[in-house]
Amino acid sequence: LKTMLPRQAELSKISVGRPYNRWINIKKAFGSFYQCEIVDMLGMLATLKIPLEGRHHSGIDDCRNIATILRSMLAAGAELSFNGGYKVASEEGAQLTGFESFAELREKIKAYEAQIEARRTAGESIEEEWLDVFEKEPLPTDRVIHFYSTFGYYGCFSNFSRHPFWLKEKKWPTSEHYFQAQKHVGTEFEEKIRLAEKPADAARMGRDRSHPIRDDWQTVRDAAMREALVAKFTQNEIPRTRLLETEDCTLVEHTRNDNYWGDGGDGSGTNMLGKLLMSVREELREAAGGSTSHAPEQKDPMCCSSSKKK
């Protein structure tokens, strides 16, 4: 739509119709949802561990593969919106948001989200159900496990993984929500971050410097992160099991986007998130009496109290 359609339209001496002035860039949406860097369709398929159907760059085969990727994203709870388009006059722009095919897709997504929310309200753990789809991966021979995206067998190690927990008499959707909120502890903004719809929203809000963070943040940030990780991995069975299964492997948040919590992409970073996960792993192992696969599940007292806040 961005390149070939305008060229063909120019060659045929016709104009590109309005419905084709905006589109969803699947690569961009994929990278945002799974928090990873993707450059092409093959990379998306590899991340999802889906084999290529047909031949790459064959028009109909590419359509089938992209449709498979899209179905997988929707099944995982991805939300789609326009993220690409041509610049058009404002009077035309107002007419681009309501063409039927996209509206119909949005309605289907909303219906799916409503079903998921109803199941969560009924107490079902949708996140663990999805996470359990992935087959167990053998430990790497070099004993180093890299993680970053929420996707894959070790996707639960990401702070964006949707494994809620109770801490300080409140329920937190993800460890990212808790961590970012602690920058503004005791303020109204703390609660706004806790109630953010998505972990990416919580991250954006926590990094918004129009809201000053606490003076001692650099001193307490590691402790805040560890609090979240302990609660997350003691209160959620599958993440806890996955963490213990790593045995003595070195855990590394592999990303060039962060030199402190991650490895900086080239190993020069501090990898503090990986270090804290290994520390929590040791604590869980001790609680399990040295077992590498099981540890007693713990619940925050508020999760079972009749007076808990929802």
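Look a little higher up for the structure.
Thresholds applied
Residues numbered from 1 in each chain as written. Predicted model: local features only at pLDDT ≥ 70, side-chain atom pairs only at ≥ 80, totals over all residues. Heavy atoms only, no water. Helix = DSSP H or I, 4+ residues; strand = E, 2+ residues; numbered from the N terminus. Buried < 20%, exposed > 50% of the residue type's maximum accessible area, 1.4 Å probe, protein only. Contact = heavy atoms within 4.5 Å. Expected span 1.5 Å × (residues − 1). Salt bridge = Lys/Arg side-chain N within 4 Å of Asp/Glu carboxyl O. Core = buried A, V, L, I, M, F, W, Y, C linked by side-chain atoms within 4.5 Å. Phe/Tyr/Trp six-rings, centres within 6.5 Å; stacked < 30°, edge-to-face > 60°. Lys NZ or Arg CZ within 6 Å of the ring centre and 35° of its normal.

**Student:** Looking at this structure, I do not really get the side chain of Gln 180. What am I missing?
**Tutor:** Within the element layout of this structure, Gln 180 appears in helix α8 (residues 175–181). Assessed through its relative accessible area of 2%, Gln 180 is described here as buried. Look past the residues within four positions of Gln 180 in its chain and what remains in contact with it is Ile 193, Ala 202, Ala 203, Gly 206 and Arg 207.

**Student:** Teacher, can you tell me more about unusual backbone geometry here?
**Tutor:** Residues other than glycine predominantly adopt negative phi, and peptide bonds predominantly adopt the trans conformation. Although it is not a glycine, Glu 169 adopts a positive phi angle of roughly 65 degrees. Even without glycine at this site, Glu 247 takes up a positive phi of about 55 degrees. As for its placement among the helices and strands, Glu 247 is situated in the loop between α12 (237–245) and β6 (250–253). Classification of Glu 247 as partly exposed rests on a relative accessible area of 32%.

**Student:** Even after reading the chapter, I still don't get helix α13 (residues 272–287), so can you show me in this structure?
**Tutor:** For an α-helix the count is 3.6 residues per turn, leaving residues at separations of three or four pointing the same way. Across its 16 residues, α13 extends 23 Å between first and last C-alpha, which sits within 8% of the 22 Å expected from 1.5 Å per residue. Listing the buried residues of α13 in full gives Met 272, Leu 273, Gly 274, Leu 276, Leu 277, Val 280, Arg 281, Leu 284 and Arg 285. Each element contacted by the buried residues of α13 is listed here: β3 (144–147), α11 (217–235), α12 and β6. Of the residues one or two after α13, Gly 289 is the one with positive phi, at around 75 degrees.

**Student:** Just to check I follow, could you spell out the pattern of salt bridges for this structure?
**Tutor:** Pairing between side chains of opposite charge can happen when the charged atoms of each approach one another. Counted by the stated rule, this structure contains 10 salt bridges. In this structure, Arg 143 and Glu 247 form a salt bridge, with 3.0 Å as the shortest nitrogen-oxygen distance. Here Glu 247 lies in the loop between α12 and β6 and Arg 143 lies in the loop between α7 (126–131) and β3, a separation of 104 residues in the sequence. Given the relative accessible area of 30%, Arg 143 is considered partly exposed. What you see here is one network of salt bridges that share partners, running through Arg 143, Glu 247 and Asp 248.

**Student:** I keep staring at the nonpolar core and nothing clicks. Help me out?
**Tutor:** Nonpolar side chains in soluble globular proteins generally cluster together in the buried interior. Ranked by internal contacts, the top residues of the largest apolar core, which has 23 residues, are Phe 157, Leu 229, Phe 233, Leu 243 and Leu 277. Of all the secondary-structure elements, those providing two or more residues to this core are β3, α11, α12 and α13. Per element, the largest residue contribution to this core is 6 residues, and it comes from α13. Leaving out residues up to four positions away in the same chain, Leu 243 has contacts with Phe 157, Phe 233, Leu 251, Leu 277, Val 280, Arg 281 and Leu 284. Core analysis: the second largest hydrophobic core is formed by 15 residues, Ile 26, Tyr 34, Leu 48 and Leu 80 among them.

**Student:** Explain the packing of aromatic side chains to me, please; I cannot follow it from the model alone.
**Tutor:** Between two aromatic rings, the relevant description is the distance of the centres plus the angle of the planes. The tally for this structure, following the rule as stated, stands at 11 aromatic pairs. Measuring from centroid to centroid gives 4.7 Å for Phe 33 and Tyr 34, while their planes differ by 75 degrees, and the two rings are edge-to-face. Against the face of Trp 172 rests Arg 194, its NZ or CZ located 6.0 Å from the ring centre. If you follow Arg 242 out to its NZ or CZ, it ends over the ring of Tyr 153, 3.8 Å from the centre.

**Student:** For this particular structure, what's the right way to read helix α10 (residues 199–206)?
**Tutor:** Most of α10 sits inside the fold, with 6 of its 8 residues counted as buried. Considered for burial, the residues of α10 that qualify are Pro 199, Asp 201, Ala 202, Ala 203, Met 205 and Gly 206. Buried residues along α10 sit in contact with α8 and α9 (188–194).

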